[in-house]
Amino acid sequence: MLVGGTAAAEVRATSEMLSLWGGVDPATGTVIDHRHPLCGQSITGTILVLPKGKGSSTGSYVLLDALVAGTAPAGIILREVDEIISLGAVVHEEFHGATIPVVVLDDEWFQMALTARRAEVRRDGTVVLHA
């Protein structure tokens, strides 16, 4: 677990990295990168499953902006440690007293998360996937 918290929601999953900076509109929570398979889909209130973020360190700010706007995912599941995504969640926790869980799964569990319909992240970092 990179950032603690709990969440239970529908999964929005991709096997491709996603840049939050220029890839997600924090005002709406919609993926706006026209080259990304999730383009046009909302990540608001979902458990976002992706291998890791891509690109600029300003992705932390985009996640923070989406958290403040109420358009962020409920939780994030990654395949690799991503300091940029984690930082946005940690800064929100510091300034607003609330955050979203960010967890890393091994390859086998990550592959299962990609096809899950719903997911739960528990306080102890346990991830429960629902087909």
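Only a predicted model underlies this, so the values are computations on that prediction, with no experimental measurement involved.

Trainee: Explain the side chain of threonine 71 to me, please; I cannot follow it from the model alone.
Mentor: Tracing the backbone through its elements, the reader meets threonine 71 in the loop between α1 (59-69) and β5 (75-78). Judged by relative accessible area, which is 8%, threonine 71 ranks as buried. For threonine 71, the contacting residues outside a window of four places in its chain are Pro26, Ala27, Thr28, Gly29, Ile43, Thr44 and Ala66.

Trainee: What am I meant to see in helix α2 (residues 83-96) here?
Mentor: In a regular helix each residue adds 1.5 Å, so 14 residues correspond to 20 Å; α2 covers 19 Å between its end C-alpha atoms and thus fits that length. Taken as a whole, α2 has its buried residues at Ile85, Ser86, Gly88, Ala89 and His92. In an axial view of α2, the angular spread of the buried residues amounts to 155°, which keeps them on one side of the axis. Among the exposed residues of α2, those pointing more than 90 degrees away from its buried face are Glu83, Glu94 and Phe95. On its buried face, α2 sits against α1, β5 and β6 (102-104). If you check the start of α2, you find a side-chain oxygen 3.0 Å away from the backbone N of isoleucine 84, and it comes from aspartate 82. Of the residues flanking the end of α2, it is glycine 97, one or two places downstream, whose phi is positive at about 75°.

What counts as what
- Residues numbered from 1 in each chain as written.
- Predicted model: local features only at pLDDT ≥ 70, side-chain atom pairs only at ≥ 80, totals over all residues.
- Heavy atoms only, no water.
- Helix = DSSP H or I, 4+ residues; strand = E, 2+ residues; numbered from the N terminus.
- Buried < 20%, exposed > 50% of the residue type's maximum accessible area, 1.4 Å probe, protein only.
- Contact = heavy atoms within 4.5 Å.
- Expected span 1.5 Å × (residues − 1).
- Arc of directions from axis to C-beta.
- Polar contact = N/O pair within 3.5 Å; in protein donor to acceptor, adjacent residues only side chain to side chain.

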